[in-house]
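Architecture at a glance
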There are 4 protein chains.
Amino acid sequence: MSSCYGNILKLSIFGQSHSAAIGFSLDGLPAGFKIDMDELGSFMARRAPGKNKLSTARSEADALEFLSGLVADTTCGAPLAAIIRNTNVRSSDYSEIRDVPRPSHADFTSHVKYKGFQDVSGGGHFSGRLTAPLCGAGGICLQLLKTHGINVYAHIKSIHGIDDVNGEDNIEELKAVSSKTFPVIDDAAGEKMQQEILSAKENGDSVGGIIECIVTGMPVGVGEPMFDGLENRISSAVFGIPAVRGIEFGAGFEAASMFGSEHNDPYTVKDGNIVTTTNNHGGILGGISSGMSIVFRVAIKPTPSIFREQDSVSLSKMADEKLTINGRHDPCIVPRAVPCIEAAAALAITDSMLQCGMISL
Amino acid sequence: MSSCYGNILKLSIFGQSHSAAIGFSLDGLPAGFKIDMDELGSFMARRAPGKNKLSTARSEADALEFLSGLVADTTCGAPLAAIIRNTNVRSSDYSEIRDVPRPSHADFTSHVKYKGFQDVSGGGHFSGRLTAPLCGAGGICLQLLKTHGINVYAHIKSIHGIDDVNGEDNIEELKAVSSKTFPVIDDAAGEKMQQEILSAKENGDSVGGIIECIVTGMPVGVGEPMFDGLENRISSAVFGIPAVRGIEFGAGFEAASMFGSEHNDPYTVKDGNIVTTTNNHGGILGGISSGMSIVFRVAIKPTPSIFREQDSVSLSKMADEKLTINGRHDPCIVPRAVPCIEAAAALAITDSMLQCGMISL
Amino acid sequence: MSSCYGNILKLSIFGQSHSAAIGFSLDGLPAGFKIDMDELGSFMARRAPGKNKLSTARSEADALEFLSGLVADTTCGAPLAAIIRNTNVRSSDYSEIRDVPRPSHADFTSHVKYKGFQDVSGGGHFSGRLTAPLCGAGGICLQLLKTHGINVYAHIKSIHGIDDVNGEDNIEELKAVSSKTFPVIDDAAGEKMQQEILSAKENGDSVGGIIECIVTGMPVGVGEPMFDGLENRISSAVFGIPAVRGIEFGAGFEAASMFGSEHNDPYTVKDGNIVTTTNNHGGILGGISSGMSIVFRVAIKPTPSIFREQDSVSLSKMADEKLTINGRHDPCIVPRAVPCIEAAAALAITDSMLQCGMISL
Amino acid sequence: MSSCYGNILKLSIFGQSHSAAIGFSLDGLPAGFKIDMDELGSFMARRAPGKNKLSTARSEADALEFLSGLVADTTCGAPLAAIIRNTNVRSSDYSEIRDVPRPSHADFTSHVKYKGFQDVSGGGHFSGRLTAPLCGAGGICLQLLKTHGINVYAHIKSIHGIDDVNGEDNIEELKAVSSKTFPVIDDAAGEKMQQEILSAKENGDSVGGIIECIVTGMPVGVGEPMFDGLENRISSAVFGIPAVRGIEFGAGFEAASMFGSEHNDPYTVKDGNIVTTTNNHGGILGGISSGMSIVFRVAIKPTPSIFREQDSVSLSKMADEKLTINGRHDPCIVPRAVPCIEAAAALAITDSMLQCGMISL
C-alpha cells in the first residue's frame, strides 16, 4: 500500500474504519510553529458526521489525540503523530459484504488485491473515515500557510446539477462559508441542494456534486515543472479522498471550448505587482504559481451505498446475487468533503513551498 | 526541479527546446525485454510535427539515439537512456520574451522562480518538445504492457466543442485511430475539427480540446489505495504534459449530476469472470483496477501562442507593454498530444504493476 | 525531519522519549501474513532495559499496542500502526540540558537546527528509546523473512576490545544467542565483557563495542546496483540507530590490507548450487546478494552519558561551563543494540525483496 | 535498477562500460550557478586512467558533453544532463565471462538477477567507469559547496597497510593533495605505497586501501535525524562506488575500544563560536552537522581482476572451471577512487543542505 504522501513533508495515514484507531504521522514541519488547537478542532468539526439530518447517524468524537511532535502545542521538529479512537461502530451491517461486493465500492478490487485478507468492516482502509486524519494533518498546514498570508477556501459548487455562485467572483462571501453548517456561498441555492439531498435519501438513493477551491495569497514561483508541478501535487493529494472522480484547474474542461484569444490571461502592472487581468490559468502556469489565486474544481461521485436492491455477485458461488445495503450512510458526502479538499490542497502547497525553501517561521 | 517520475520505474526527463539535446533516463525495466524499434519509431512519429498543415512548421527528426540500457535492442537491466538531438531551431523568434512574458506561457513564473536564469529559448524546459522523450519512454512501456495483454488507446474526444463519438462504445474503430493522420474515430467529425483548427489559424488564433484514453486488458488489483492509486499515478504523469488543465475518470464530472442508482455499476458473472454491466467507474475502484477498461479524459487548453497582439508587461520597466508573437506555432496541440497521453498512462500503469509484482517476462 | 525509511515498505517512526507515546507506521507489507505476537514480544524484550544490572534502571513495558493493519493478528494490506505508551519517566534529570549541551549527544546540533524548540526531555526524538518501534517493525519483517528461509542473527563481536568468536565459523552457536541474556557466542568472553562494563560503570564511565550480524538463506539477486544495493540499504537503516559510527561488509576494513588473490572468493559447484569457497565478499557483490551469508559489522560508540564532570558551555551565556549528568543511563548500549541491528537488517532486506518481487505468501 | 540518488537533488546515472555513452541527469540545482568548466575538467582528470603506469592502460577522454541545463555554463533551473562517449574499448577481453563468472565481481549476481540478459561487456553497469558521471555531477556540487565556504578534501589513508598521516592534523598539506599525481599527504609514504602497488602488479595481483575524507566549513544543523542523517546520506552515496566495503565516521571502529570519557568531545566557546576541543564525533551528532569538520574513512577492497589463474565455474555446465583474466586492469583503484569519494560526499551534503534550505546563490 502507499498511504504516504510528500517529498519534504511526509504524511503517513493509517487506520481502518473499525480498527482500534485511525491516525497520521507528519514529518517535516519546521520547528517552532504553535498550533491553535481550538481552530484545528473547529476545522475538523466541519467534517464530522452527525451534525444534521443530511449526514450519517454515526457520530464520532473525532478528537485528535497527539502522541508526539509537540511541546506546549508547538512543533519541536520531531515527527508529529496523532490518533483518533474509533468508538462508535456497528459492525453487523457489513457481514454480507465479504461475499457480495457492493457496487462502486472498493470491496471487489481490494478482495482480489489482498486475496481476501482485507479488513472489510466499514470499508476498512477505504472508508471515508480516513479523511479525518487527512483533515488533521491538512488543518495544521492550513494554519502554517495562513501565517504566510496564504488562505484556502472551498465551497460546494454544485449538488446534482444545482449550482452555487462562482467563488472567485464572490471572495468575501466565500470566506464566510467555513462558518456555515452547509458550505455554500448562496444560501438560497444551498436550500435547494439540501432539498435535493433529502429527496434522494427518501428515495433510498444518493447524489454527488462538485467542490470548488480557491487559494489566495500565493507567492510567485512555488511548484516544480513537469512531474512535481502544483497540478500534479494537488491532484495526487486530492485523489486520496474517496469518491473523487475528476479535477480541473482554472477554466478546466471549459478551456477545451475556448479560443486562445479568449483563454489567454493578459499581464498588467497593478500597484507595483505583475498580475493577470483574467485568471483562466487558475493561478498555475508551467506547474508554478503565478501569484493569482489558485482555482480548481473536484468532481465527487454520488455515494455508492444506496438502499435500493442492487445486482451483484456471490464471490464464493461465482454467480449473480442481489444485494441490499443496510446501515448508516451519507446520501451525499459533498458537504463533508469540503474541508477535506482544503486539507489536501494545504498539504500539497506546504510540501511544495518547503521544497523551494519558501516556508519560514 | 522535479522532472523525475516513478516509484520502481524511475523516469528522468531532461532538455530544453534549444539545448544540445533532449532525452530521458528510464531505470527499473525488467531485463530481457526486446524493444520493437520500428514500432517505437511509428509511435513517436504520431507526435512529430511538420506532418501536415495543421501543425508547426518546425520539423524535427525525433529519432531516438539510445545511449545505454540495451544489448541487441533488448533491455539488459541497466538504466535505459536515449537522446534526441535538437537540430532545427530558429532562436531569433524568442528574443523579446525575456523582457515581455507571453500570456499563459510559463515565461513569467519561471522568470521569477529561476531569477531570470531560465532558458527562455523556445520555452526552455517547458516546451512541448519535451513530450518527445516522454513518448520515447512511454512507448517502450506500451510495448511491455502489450505483452501482458494490456493496450492503451487514445483519440481526440473533441476540438473546440466539436465531438468525436465515445471510445468505449466503439472499441474496434478506436483501435484503428493510431494509424490515422488525424486521430479520431469518426472521420466526418474529424473533418469538421480540422476545419475549425485551420479557421482559427487563419484568424491568428488557437483552439483546445479533450482527449479520451481507454486502457483494455487490465488485470484486477493494480494500484495502491489513497495516495498511490491509479488516478493519482495517472494524473501525476498526465499533468507533466504541457497545456493539460483537467482530468476525469469514468463518468468524471458528469457523475456529479447522477444519482447513485444511475452511477453505480452492478456486478455480474460473465464467462467465469466478474465484470460490471456498466462502467461509470472507469475501471478504477478505491484506486485499484477492477478489470474493466480504464477510461479517462484530459482537457487541453488552446495553444497560448497566438498571432494577435496581446497585452503584457515589460519586466524591466515594470509597465504595460504590447506583445506580438512570431515564429512557428501549432494552432492546436491536441492531435499531437494524443500519443503523449497514451505514453503517460503507460508509464503510470507500468510503474504500478511493477510495484505489485505483476510484470513478468 | 526524515524519520521515514523505505521504497516499497515504508516505515515512519514517531515519538520522543517523553512524549505521550512512541510508535511506527509500516506500509507495504503483503496481506495475509500472520504475526506471532509472542515471538514479537520476545524479540522486543531482548531490547528492553531493566533486565539486569548492566542496563538502565528505567524499566519500560514496551508492549506494542496495535492500532491498525491487522485482523486477527494477520496483515490485511492496510498500513500497520502500533504505539508504545511512555509511562515510566523522570523528567527532572534533563532540566539543565536545555542550556548546557551534553558532549557527544545531539543536544547542541538539534538546538541549532530546531532553533531551541526541540524536545530536550530525555533526548527527545534522538533517544535510544526510539529503537523500540524500530524493533517492532523490524521484528515483523524478521518473521516474514523466516517464512522465506531467511534468518538474521546478530551477536556482540567485541566490547571495549574484548572479542567474541567469529559468527560465520560458529553458526549453530550463533543461533542460540538470541535466547541468552547476554548476547555472545562464547560465554567466557561474555563474562569478561560484563566485567568490563561494570568496571566502567563503577568509574562513572562507559564503553562501546562492535556488533556482528549474519543473514543466512538469502536467495541470489536481491538488491539493486549503485545506490540501492544491499550495502546502501542496510547502512541507511543501521545508521538510524543512535551511537552507530561505522559499518563494514564481509572482510570490511581488513580487505584494505589484503591482496586480491587473498580476498577474492572462488566459485564452485556444491550440491547443484553455485557457492563461494570463502566469503570475504560477505554475501553481496555489486550490491546484489550472492546467496552466501550476508556478513556485516557495526561499530557502536561508548554511551555519551557518563557521570564524570565534563566540559561544556552555557548556550545562554556563550561561555564555558561544567556539566555533571545525573539520571539513569546505560554504561554500554551494545547488548541492547543487538536486536536493533537485526531489525534494521530485516527492514532493508524485506524492502529490497519487495522491490524485486521476491516476497510471496 | 536504482541508479538514482537524492531527495531534492536527484541524480540519475546511466551507461554501461561499452554502451554508446555513459552519463548523468542532475535535477534540483538552483538556477544561476556558473560552473567553472576548467576546474570541473581538472577534477575529473584526477579520476581518469592512463595517467601513469599504476593505472589501467585504457585511456579515455572523459570529457563531459553537456546536453541540457546550462546557458552560458550557468544553471538555468532545468535538469542538467551530460554524457561521455565511450570510444576506447576492447571487447574481446570479456567474451569468456558470460559463462565463467569472475570471482568477487558482479558477474554471477547480475547474471542471476537479470536472467542472463545483463550487459557483460567490460562489467556493464557495474564497471568502475560509471564513477565518471558520478564525478561529473559531484564535481559540480563541490563547486557549489565551495561558494558556501564548504570544502571537501580526500586522500589515501593507506594502501595495503602502508599508512599516510592523519588528515585532520595536517589540514594545510591535505589541501595540496588534489594537485598531486598520487594523492597522499606524506610523499615518502606515497612512494612506499606506489612500490607496493607495482609489486602487486608484477605478481599479477592487486591491493586495496583506505580513503579518508574531510569536509571543512560545514554550518551547524545540516542533516535530518534517524534515516536521513548525514551518515545515512553519505553512506548511501559512497556505497554507490564499486569496491567499497566499509565506512566509518570520526573515531569509527576505534570508538568501539574507547571509554566514553576518552571519546566524548567537550564543548568550548572559541572566538564567539561553539566548538569541540576534540573531534571524535567526526562533525556529525544525531545525524546533524555540528560545525566541526566531517571526517570519514572508506575501505576499498583489492581489485578483483587479477592475472593469476582462479577457480570458478561454468554456468552452462554447472561444473568447476578455471579462469584466467586478460585485459587491462588497475592493480589498485584506490588512487582513482579519491575524487569519487569527494564527489559522493558533495552530492550527499548538497542534497541535505537543499532539504533544509541552506543553499543560496
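Chains are numbered independently. Their residues run from 1 in the order of the written sequence. Lettering for chains starts from A, numbering for ligands starts from 1, and both go in the order in which the items are written. In keeping with the predicted nature of the model, local features appear solely for residues at pLDDT of at least 70, side-chain atom pairs appear and are counted solely at 80 or more, and the whole-chain, interface and lining totals rest on all residues. Calculation of side-chain values draws on the structure's entire complement of heavy atoms; hydrogens and water are dropped beforehand.

For chain A, the count of helices and strands is 8 helices and 18 strands. Only C-alpha atoms enter the radius of gyration, while the globule expectation follows 2.2 Å times N to the 0.38, with N the number of residues. Computed over the C-alpha atoms, the radius of gyration of chain A is 21 Å, within 12% of the 21 Å expected from 2.2 N^0.38 for a compact globule of 361 residues. With respect to the principal axes defined by its C-alpha atoms, chain A has extents near 70 × 50 × 35 Å. Per-residue burial over chain A gives 69% buried out of 361 residues. Partitioning the intrachain contacts of chain A with sequence separation of at least 6 by distance along the chain shows that 70% fall at a separation of at least 24. Only the protein chains shown count as cover for residues, and the accessible areas themselves come from Shrake-Rupley with a 1.4 Å probe. Carbon and sulfur atoms make up 48% of the accessible area of chain A, which amounts to about 11000 Å² in all. Counting rule applied: Lys, Arg positive; Asp, Glu negative; His and chain ends not counted. Throughout, a charge is located at the NZ atom of Lys, the CZ atom of Arg, the CG atom of Asp or the CD atom of Glu. Distance between charge centroids for chain A: 6 Å, based on 30 positive and 41 negative side chains. Under the scheme used here, helices are H or I runs from DSSP no shorter than 4 residues and strands are E runs no shorter than 2 residues, and both carry numbers assigned from the N terminus. For every residue, the accessible area (1.4 Å probe, protein chains only) is compared with the maximum for its type, and the residue is labelled buried under 20%, exposed over 50%, or partly exposed between those bounds. When checking whether two residues touch, look at their non-hydrogen atoms; a contact exists if any pair is within 4.5 Å.

Quick look at the interface of chain A and chain B now. If you look at the interface, chain A gives 104 residues, while chain B gives 104 residues. Surface buried jointly by chain A and chain B totals about 7800 Å² across both partners, of which 64% is contributed by carbon and sulfur atoms. When two parts are put together, the accessible area they lose, computed with a 1.4 Å probe and summed over both, is reported as buried area. For chain A, the biggest contributors to the area lost against chain B are Phe227(A), Arg245(A) and Tyr267(A); these three give 12% of the whole. The salt bridge partner of Arg245(B) is Glu231(A), with a shortest N-O separation of 3.0 Å. Between N or O atoms, a polar contact is any pair within 3.5 Å; within protein, one atom must be a potential hydrogen donor and the other a potential acceptor, and residues adjacent in sequence are included only when both atoms are from side chains. In this structure, the connection of chain A to chain B is made through 40 residue pairs in polar contact (both at pLDDT 80 or more). Counting residues per element, the side of chain A that touches chain B draws most heavily on strand β11 (residues 244-249) of chain A, which supplies 6 residues. By convention in these notes, a salt bridge is any Lys or Arg side-chain nitrogen within 4 Å of a carboxyl oxygen on Asp or Glu.

What follows concerns the relation of the copies chain A and chain B. One copy of the chain maps onto the other through a rotation about an axis plus a displacement along that axis. Here the copies are matched by least squares. The fit uses the C-alpha atoms of residues with pLDDT of at least 70 in both. Between the two copies, chain A and chain B, the superposition gives an RMSD of 0.0 Å; the rotation angle is 180 degrees and the shift along the axis is 0.0 Å. In short, the pair behaves as if placed about a two-fold rotation axis. No C-alpha of chain A approaches the rotation axis more nearly than that of Ile247(A), which lies at 2.8 Å.

Now for helix α3 (residues 131-146) of chain B. Over its 16 residues, α3(B) runs 21 Å from end to end, which matches the ideal 22 Å to within 8%, given 1.5 Å per residue. Among the 16 residues of α3(B), 15 are classified as buried, and the element is accordingly described as predominantly covered. Here the expected length of a helix is defined as 1.5 Å per residue gap, with one fewer gap than residues.

The description of an aromatic ring pair uses the distance of the two centres, along with the angle that the planes make with each other. Residues and elements named next belong to chain D. Aromatic contacts are taken between Phe, Tyr and Trp rings whose centres are within 6.5 Å, Trp giving its six-membered ring; a plane angle under 30 degrees counts as stacked, one over 60 as edge-to-face, and the others as tilted. Throughout the structure, instances matching the rule amount to 18 aromatic pairs over all chains. The interplanar angle of 40 degrees and the centroid separation of 5.7 Å between the aromatic rings of Phe249 and Phe296 together place this pair among those described as tilted. Pair noted here: Phe249 is in strand β11 (residues 244-249) and Phe296 is in strand β16 (residues 294-300), with a separation of 47 residues, a long-range link. Phe296 shares its class with Phe249; the two are buried.

Residues and elements named next belong to chain C. Spatially, 5 strands are ordered β1-β2-β3-β7-β4 in an open sheet, and the strand pairing comes out antiparallel. Edge positions in the sheet fall to β1 (4-5) and β4 (65-68), since each has one partner strand and no second. Note: β1 against strand β2 (residues 10-14), 2 bridges, orientation antiparallel. Of the residues in β2, the one forming a bridge with Cys4 is Ser12. The pairing criterion is simple: DSSP has to find at least two bridges between the two strands.

Once that is clear, we can look at the sheet that holds strand β16 (residues 294-300) of chain B. Note: strands within a sheet are paired through backbone hydrogen bonds, in either parallel or antiparallel orientation. Strand order across the open sheet formed by 10 strands is β9(A)-β8(A)-β10(A)-β16(A)-β11(A)-β11(B)-β16(B)-β10(B)-β8(B)-β9(B), with antiparallel pairing between neighbours. The sheet is open, and its two borders are formed by β9 (162-163) of chain A together with β9 (162-163) of chain B, each paired with just one other strand. Bridge count for strand β10 (residues 209-216) of chain A against strand β16 (residues 294-300) of chain A is 7 bridges, and the pairing is antiparallel. If you follow Cys213(A) over to β16(A), its bridge partner there is Phe296(A). Of the strands in this sheet, β11 and β16 of chain A together with β11 (244-249) of chain B are in contact with helix α6 (residues 230-238) of chain A, which crosses β11(A) at around 160 degrees. Helix axes are fitted only over the stretch in contact, all axes being lines through C-alpha atoms; the angle between N-to-C directions runs from 0 to 180 degrees.

Residue and element names in this part refer to chain B. If you check helix α8 (residues 334-355), its first and last C-alpha atoms are 31 Å apart, about what 22 residues at 1.5 Å a residue would give, namely 32 Å. The buried count for α8 comes to 22 of 22 residues, which makes it a mostly enclosed element. Phi turns positive one or two residues past the end of α8, at Gly357, with a value near 60 degrees.

When chain D is brought onto chain C, the operation consists of a screw motion whose angular component is 180 degrees and whose axial shift is 0.0 Å, with 0.0 Å RMSD remaining. When you check the interface residues of chain D against chain C, 100% turn up at the interface there too, and the contact is symmetric in its surfaces.

Take the pairing of strand β18 (residues 319-324) of chain D next. All names here are of chain D. With 6 bridges connecting them, strand β17 (residues 309-314) and β18 associate as antiparallel partners. What sits directly across from Val313, in β18, is Asp320. Here β17 hands over to β18 after 4 residues, with Met318 in that stretch at a positive phi of 50 degrees.

This next bit is on the interface of chain D and chain C. The interface is formed by 104 residues belonging to chain D together with 104 residues belonging to chain C. Of the roughly 7800 Å² buried where chain D meets chain C, counting both sides, 64% is carbon and sulfur surface. When residues of chain D are sorted by the area they lose upon contact with chain C, Phe227(D), Arg245(D) and Tyr267(D) head the list and together hold 12% of the total. Between Lys113(D) and Glu224(C) there is a salt bridge whose closest N-O contact spans 3.2 Å. Across the contact surface, chain D and chain C share 40 residue pairs in polar contact (both at pLDDT 80 or more). The element best represented in the side of chain D that touches chain C is β11(D), accounting for 6 residues. In terms of residue class, the side of chain D that touches chain C is built from 50 nonpolar, 39 polar and 15 charged. Sheet analysis places strand β11 (residues 244-249) of chain C next to β11(D), joined by 3 bridges and oriented antiparallel. Bridge pairing in β11(D) places Gly246(C) opposite Glu248(D). Residues are grouped as follows: nonpolar covers Ala, Val, Leu, Ile, Met, Phe, Trp, Tyr, Cys and Pro; charged covers Asp, Glu, Lys and Arg; every other residue, Gly included, is treated as polar.

A word on the confidence of the model for chain A. For chain A, mean pLDDT is 92; residues scoring 70 or higher make up 93% of the total. Prediction confidence for the complex, expressed as pTM and ipTM, is 0.95 and 0.95 respectively. The predictor attaches a confidence to each residue, and that confidence, scored 0 to 100, is pLDDT.

Turning to the environment of Asp187(A), a few remarks are in order. All names here are of chain A. Here Asp187 lies in helix α5 (residues 187-202). What makes Asp187 partly exposed here is its relative accessible area of 45%. Counting along the chain gives 23 residues from Asp187 to Asp164, while the straight-line C-alpha distance between them is 8.5 Å.

Our next topic: the environment of Ser257(A). Within the secondary structure, Ser257(A) is located in the loop between β11 and α7 (260-263). Owing to a relative accessible area of 40%, Ser257(A) belongs among the partly exposed residues under this scheme. Residue contacts for Ser257(A): discarding those within four places in its chain leaves His160(B) and Gly161(B).

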